[in-house]
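Chains, contacts and geometry: an overview
Spelled out from the first residue to the last, the chains are:
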Amino acid sequence: MYGNYLDDAAKIVAEKREENLKFEHARLTADEKDQLLKEYHPDRIASQFVELKIGPNKGEKAPIELAEMLQAAPRMAPDSVDLNHIDYEADVLVIGGGGAGTSAAIMASEAGAKVLLVTKLRVGDANTMMAEGGIQAADKPNDSPAQHYLDAFGGGHFDGKPELVYTLVNKAPSVIKWLNDLGVEFDKEEDGTMVTTHGGGTSRKRMHACKDYSGAEIMRTLRDEIAHEEQLERNAQR
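Overview of the structure. (Residues numbered from 1 in each chain as written. Predicted model: local features only at pLDDT ≥ 70, side-chain atom pairs only at ≥ 80, totals over all residues. Heavy atoms only, no water.)

A short note on the sheet that holds strand β7 (residues 207-208)
Taken in spatial order, the three strands line up as β5-β7-β6 in an open sheet, and their pairing is antiparallel. Strands at the two margins of the open sheet, each flanked by one partner only, are β5 (135-136) and β6 (196-197). The sheet contact formed by β5 and β7 spans two bridges and is antiparallel. Residue pairing in the sheet places Q136 in a bridge with M207 of β7. (Pairing = 2+ DSSP bridges. Helix = DSSP H or I, 4+ residues; strand = E, 2+ residues; numbered from the N terminus.)

Rendered as structure tokens:
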């Protein structure tokens, strides 16, 4: 249907195969690596970022596309909103139906709050669903949140906010337990011990996974729990 338009390219690859197998590229220096990232990596190309002019992050840099959305005119005119007519009432409004949003909604509901969760797509249609590798937590005897902190903070080139990294590593073990108690099918040994593996930049095996569909399994469980909380709410209103 498309013809053999790749034949010429395939021949070039075949001819160069032996030469390429023997070729060893010189190791790059830290400055050379940094320069390559600045030229080609989308998160490092300066021209792809602009300074935010409004909002709580005013003065910070953001990708051009994100800045345009954050600073765009509202889709709904303020004078079209009638605050005397309320369609929905809730104690907690959660925006986003991914792993973070659904977890927040579940916890708020368990705490007795009336929760309204809104998402642009279906609940679960978010980044969490596509995550494969796993989720890290220092919950083994040879590990600790302090060691996890050093790995995470250093692995992020010390650009992370210390208080956020601190919260991340200290809350991680309890979050893993919470997900496990909800029914997430983490990989386990025959005796029920959770299997942990190395992740990028880790000095200890602390990656908890569900085969290679960790995010999908976590999201499946959270979505089921959301449906359960909704059913409890409907039963309470009868």
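A few points about the pairing of strand β3 (residues 92-95)
By the bridge criterion, four bridges tie β3 to strand β4 (residues 115-118) in an arrangement that is parallel. Opposite V92, over in β4, you have V115 as the bridge partner. Following the backbone out of β3, through helix α4 (residues 99-110) and into the adjacent parallel β4, one traces a crossover that is right-handed. (Right-handed = clockwise from strand over helix to strand, strands pointing away.)

Describing the nonpolar core
Formed by 16 residues in total, the largest nonpolar core has its most connected members in L179, V184, F186 and L222. Elements with a minimum of two residues in this core: α4, α7 (162-182) and α8 (214-237). The contacts of L222, once residues within four sequence positions are left out, are G99, T102, S103, I106, W178, L179 and L182. (Core = buried A, V, L, I, M, F, W, Y, C linked by side-chain atoms within 4.5 Å. Buried < 20%, exposed > 50% of the residue type's maximum accessible area, 1.4 Å probe, protein only. Contact = heavy atoms within 4.5 Å.)

So, the pattern of salt bridges
If you walk through the whole model with that rule in mind, you get 10 salt bridges. Among the salt bridges present, the one from R220 reaches E217, with a minimum N-O distance of 2.7 Å. On the criterion of helical spacing, the pair formed by R220 and E217 is a turn pair, its members being three residues apart in helix α8. Residue classification places E217 among the buried residues on the basis of a relative accessible area of 7%. (Salt bridge = Lys/Arg side-chain N within 4 Å of Asp/Glu carboxyl O.)

Remember that the coordinates give geometry; whether it matters functionally is a separate question.
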